[in-house]
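This is what each chain is made of:
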Amino acid sequence: MSINAQNLLDTLEKEYPDIPQYEIATFKATRISIGHSIENRKKGVLEVVAMNRFWNIPNYRGQSFVADKLSARIALEYGISDRLTFGAGGSTLDGIFDGFLKYKLIRQRSDGKGSPLSVTLFQNGSYRSKKRNRPFFMDVNRFDDFSDKLAFTSQLLVARKFTPQFSMQISPTYIHRSSSAFEEDPNNQFAIGAGARYKLGGHVSIVSEYYYVINPLKSVDTYDAFSLGVNWELSDVMLQFQLTNTRGMVEDAFITQTPNNFNFKDGNLVFGFNAIFVLHLHQKQK
């Protein structure tokens, strides 16, 4: 009798295999707020990202309509596969051009089996095409050769979706700058990022991020990057609003070279706005 029962179970397992159930939408966008999330775009999906930062400068007489200064970044991100994403973009602040790869290494299981975490590998390379011309923050890298202007960021993005409303991510980070203008500044810097999302209801979430730099620059005062914002999902469009202290939008810039603290003093608070558009290039014909 037991042999027949076992044979029946074996037959059922073959006919109805255990299909893994994975968590989806740990974060609703490829960025939590200012930094990357574990999320990748699916194969054949193109993402158009427009990022902006607005801030004021104390005693600055050239104020424009919105703010004293504006920085923008335009980027394209494409899903090579469901796990691998490639992206490239350019920023007006310091003329930074960058490219990156993201690979989803491990996916969190929602059926109580397998991994309780999702893990994504992130690798970025950036090129700084022009020197800073602002008096409050000097260039910390040389500009003699092409290689002097390069920087590379490696991150291990580890996240968990605890509930349908709450997700959290930890991001150990290694940044290598190819040159240093000052001997006391490290070429290799380490940081730990933390980010979280809480869904309020509907398509609106509160998000926050913080990056702690373990070995900061010594030639100039820098501060840890922080952001507090709201994400609003509209079908294939994600709008992200944030209050932050960082003006840069590429990892090596905003994590290690933020020259002002997060507070409401004049010149310290930065308003950020990201618009993310999703285009499905390989939709199947019905």
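Coordinates for the structure precede this section.
Position numbers for residues count from 1 along each chain, tracking the sequence in the order it is written. Totals for whole chains, interfaces and linings use every residue, but because this is a predicted model, local features are given only for residues with pLDDT of at least 70 and side-chain atom pairs only at 80 or more, for both listing and counting. The side-chain quantities take in all heavy atoms of the structure and omit both hydrogens and water.

Student: Looking at this structure, how should I read the pattern of salt bridges?
Tutor: Oppositely charged side chains can form a pair if their charged atoms are brought close together. By definition here, a salt bridge exists when the distance from a side-chain nitrogen of Lys or Arg to a carboxyl oxygen of Asp or Glu is within 4 Å. Under the definition given, this model contains nine salt bridges. When the shortest N-O distance is used, the salt bridge between Glu77 and Arg31 registers 2.7 Å. Taken together, the residues Glu77 in strand E2 (residues 69-79) and Arg31 in the loop between helix H1 (2-15) and strand E1 (45-55) connect sequence positions 46 residues apart. Note on classification: 1.4 Å probe, protein chains only; a residue is buried when its accessible area is under 20% of the maximum for its type, exposed when over 50%, partly exposed between these limits. The buried category is assigned to Glu77, whose relative accessible area is 1%. The salt bridge involving Asp98 is made with Arg73; its shortest N-O contact spans 2.9 Å. A residue pair is termed long-range when its members are at least 10 positions apart, and Asp98 in strand E4 (residues 96-106) and Arg73 in strand E2 qualify at 25 residues. Numbering of helices and strands runs from the N terminus, with a helix taken as a DSSP run of H or I at least four residues long and a strand as a DSSP run of E at least two residues long.

Student: Quick question: what am I supposed to make of a nonpolar patch on the surface here?
Tutor: Taken together, the side chains of Phe162, Met168, Ile170, Tyr174, Phe190, Ile192, Tyr210, Tyr212 and Ile214 present a nonpolar region at the surface, about 800 Å² in accessible area. For the nonpolar patch, the elements supplying multiple residues, two or more each, are strand E7 (166-177), strand E8 (188-201) and strand E9 (204-213). The greatest single-element share of the nonpolar patch, amounting to three residues, is contributed by E7. Here Tyr210 lies in strand E9. What makes a patch is a set of residues exposed beyond 30% relative accessible area and free of salt bridges, joined within 9 Å when like-charged and within 5 Å when nonpolar (Val, Leu, Ile, Met, Phe, Trp, Tyr). A 1.4 Å probe and the Shrake-Rupley method give the accessible areas. Residues count as covered only by the protein chains that appear here.

Student: Is there a simple way to explain the pairing of E2 in this structure?
Tutor: For a regular strand, side-chain orientation follows a simple rule: the groups alternate between the two sheet faces. Two strands form a pair only when DSSP identifies at least two bridges running between them. By the bridge criterion, 10 bridges tie E1 to E2 in an arrangement that is antiparallel. When the bridges of E2 are listed, Met51 appears paired with Arg73. Sheet topology note: the E2/strand E3 (residues 84-91) ladder contains seven bridges and is antiparallel. By the bridge assignment for E3, Tyr78 is matched with Phe86. A loop of four residues connects E2 with E3, the two strands running antiparallel in sequence.

Student: Before we go on, may I ask you to explain unusual backbone geometry in this structure?
Tutor: Backbone geometry follows two general trends: most residues other than glycine have a negative phi, and most peptide bonds adopt the trans configuration. For Ala25, which is not a glycine, the phi torsion comes out positive at approximately 55°. By secondary structure assignment, the location of Ala25 is in the loop between H1 and E1. The phi dihedral of Ser235 is positive, around 55°, even though this residue is not glycine. Along the polypeptide, Ser235 turns up in the loop between strand E10 (225-234) and strand E11 (237-244).

Student: How do you make sense of the packing of aromatic side chains when you look at a structure like this?
Tutor: What describes a pair of aromatic rings is the distance from one ring centre to the other and the angle between the planes of the rings. Ring geometry is summarised as follows: Phe, Tyr and Trp rings, the Trp one being its six-membered ring, pair when their centres sit within 6.5 Å, and such pairs are stacked at plane angles under 30 degrees, edge-to-face over 60 and tilted between the two. Inspection of the entire model under this criterion finds eight aromatic pairs. Ring centres 5.5 Å apart and planes at 35° place the aromatic pair Phe100 and Phe122 in the tilted group. A residue pair is termed long-range when its members are at least 10 positions apart, and Phe100 in strand E4 and Phe122 in strand E5 (residues 118-128) qualify at 22 residues. With respect to burial, Phe100 and Phe122 carry one shared label: buried. With a centroid separation of 5.2 Å and an interplanar angle of 35°, the aromatic rings of Phe241 and Phe273 are classed as tilted. In this pair, Phe241 sits in strand E11 while Phe273 sits in strand E12 (residues 270-280), placing the two residues 32 residues apart along the sequence. Judged by its relative accessible area of 30%, Phe241 falls in the partly exposed class. Accessibility expressed as a relative area gives 24% for Phe273, which makes it partly exposed. Positioned above the aromatic ring of Tyr22, the side-chain terminus of Arg107 is 3.9 Å from the ring centre. Any Lys NZ or Arg CZ found within 6 Å of a ring centre and within 35 degrees of that ring's normal is scored as a charge over the ring. Sitting over the face of the ring of Tyr22, Arg109 holds its NZ or CZ atom 5.9 Å from the ring centroid.

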